[in-house]
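Each chain is listed here by its residues.
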Amino acid sequence: MTTAYVYDPRYLDHASLTGEHPERPMRLLAINDVLAQHGLLDRMLAVPAQDVTDNDLLRVHLRSYVNRLQQISATGGALLDPDTYVARGSYEVARLAAGGCVAAVDAVLDGVVDNGFALIRPPGHHAFSDRGEGFCLFNNVAIAARHAQAQGLDKVAIVDFDVHHGNGTQAIFYYDPSVLYISTHQWPLYPGTGHWRETGASEGRGCTVNITLPPGAGDLSFALAWEYVIGPALTRFGPDLLLISAGFDAHWRDPLAMLQVSVPGYAQLMRNLVQFAQGYCQGRIVTFLEGGYDLDALAYGSLAVARVLLGDTTLTDPLGLSTWPEEDASSMLQGIAKLHGL
Ligand SMILES: [Zn+2]
């Protein structure tokens, strides 16, 4: 398979003034280093990042929020909330991240490559149409989904395996039957939304699927989540394009959460997603970086995802598995499947 990747050194320019924030430039450098060491960058097509167009941006975000962010960034920066920094120049970087995601989608829709991986920051899934939060400024995956629809695609599915619930993505599509949003996340955890009973509203009812996992859940839970919920929900929905919000903070080493997924667990979920895309949406799958705050887990998780996108069967995992027994989430997962009629 052929895979596009998007990366731009300007993505490193978004940095907190204290330098101590977990969402830091080193995250992308760590991924880039490991991908280069293993020869993956040479095997993927580099697609240049680009400034997102206002058309693409304003399908998701309010002009008033875009203007506010621009002003904060231009005047030296500020905190949007205690966790979410905007530094001087962050506005331009966030635009370049969203535009990079659009470029990756275009490369796939134009048939230049089979699939894509957007290695971008700041991440996006906590960004709402009218505000950023949770380290996120613009909602990259939502902008990419709306862009794909503007190119004529009917239905888009988003699978978000970041350990946190993508509250911004859910809110943007909550009433929309044309976008299926599926999230696996630790429960309870920031941001506190994403209860399994939140399933969409109005015409979008049933098109939000929240898969809550207890602290201690790991690879088996990811596998069962696929078998009971994610796979059947995707099959029933029948998307024209599959987008992935890929966070690596469900890894057992991550400092911000308590799931116990390993690199092989991510690889298996990714294989399922790629296989689904091949069977149901002409192989069209684009992956976007979200969170992940242990640099090794982030880098080797990303390496595994890149390899699966390329069709490799090899796996490099110097980190190994968690030594704690896995929490059993099977009855919870069966309940979620039943709620959704799967
Ligand atoms: Zn996260």
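Residues numbered from 1 in each chain as written. Predicted model: local features only at pLDDT ≥ 70, side-chain atom pairs only at ≥ 80, totals over all residues. Heavy atoms only, no water.

Peer 1: Please clarify how the packing of aromatic side chains should be interpreted in this entry.
Peer 2: The description of an aromatic ring pair rests on the distance of the ring centres and on the angle between the ring planes. This model, assessed by the stated rule, comprises nine aromatic pairs. Ring centres of F135 and Y293 lie 5.6 Å apart, and the angle between their planes is 90°; this geometry places the pair in the edge-to-face category. Taken as a pair, F135 in the loop between β5 (115-118) and α5 (140-150) and Y293 in the loop between β10 (285-289) and α9 (295-310) lie far apart in primary sequence, 158 residues in all. Y293 matches F135 in its accessibility class, with the two residues each being buried. Ring geometry for F222 against Y266: centres 5.9 Å apart, planes inclined by 85°, an arrangement best described as edge-to-face. Residue F222 is found in helix α7 (residues 219-237), and its partner Y266 is found in helix α8 (residues 263-280); the two are separated by 44 residues along the sequence. For F222, a relative accessible area of 3% translates into the label buried. Through pairs of rings, three or more aromatic residues link up here, namely F161, F222, F248 and Y266. (Phe/Tyr/Trp six-rings, centres within 6.5 Å; stacked < 30°, edge-to-face > 60°. Helix = DSSP H or I, 4+ residues; strand = E, 2+ residues; numbered from the N terminus. Buried < 20%, exposed > 50% of the residue type's maximum accessible area, 1.4 Å probe, protein only.)

Peer 1: Would you take a moment to explain the packing of helix α1 (residues 26-37) against α9 for this structure?
Peer 2: Look at α1 against α9: their axes get within 8 Å of each other, and the N-to-C directions meet at 50°. Classified by the interaxial angle, the pair formed by α1 and α9 is oblique. For α1 against α9, the interelement crossing comes out right-handed. Residues M26, R27, A30, I31, V34 and L35 of α1 pack against L295, L298, A299, Y300, S302, L303 and A306 of α9. Per-class residue counts for the contact of α1 with α9 are eleven nonpolar, one polar and one charged. (Axes fitted to C-alpha atoms, helices over the stretch in contact; angles between N-to-C directions. Parallel < 35°, antiparallel > 145°, perpendicular 65-115°, else oblique. Left-handed = near helix turned anticlockwise from the far one by under 90°. Contact = heavy atoms within 4.5 Å. Nonpolar A, V, L, I, M, F, W, Y, C, P; charged D, E, K, R; others polar.)

Peer 1: What is the right way to read the pattern of salt bridges from this model?
Peer 2: Side-chain pairs of opposite charge can arise where the charged atoms are in close proximity. Going through the model one piece at a time under the given rule, you end up with 14 salt bridges. Notably, a salt bridge pairs R27 with E23, separated by 2.7 Å at the nearest N-O pair. For R27, a relative accessible area of 0% corresponds to the buried category. The salt bridge partner of R43 is D312, with a shortest N-O separation of 2.7 Å. (Salt bridge = Lys/Arg side-chain N within 4 Å of Asp/Glu carboxyl O.)

Peer 1: Quick question: what am I supposed to make of the sheet that holds strand β2 (residues 45-46) here?
Peer 2: Hydrogen bonds along the backbone pair up the strands of a sheet, which may run parallel or antiparallel. One open sheet holds the eight strands; their spatial order is β2-β1-β5-β10-β9-β6-β7-β8, and the pairing between them is parallel. Both outer strands of the open sheet, β2 and β8 (208-213), are each paired with one neighbouring strand and no more. Sheet topology places strand β7 (residues 179-186) next to β8; six bridges connect them, and they run parallel. From the neighbouring strand, H185 faces β8, where its bridge partner is T212. (Pairing = 2+ DSSP bridges.)

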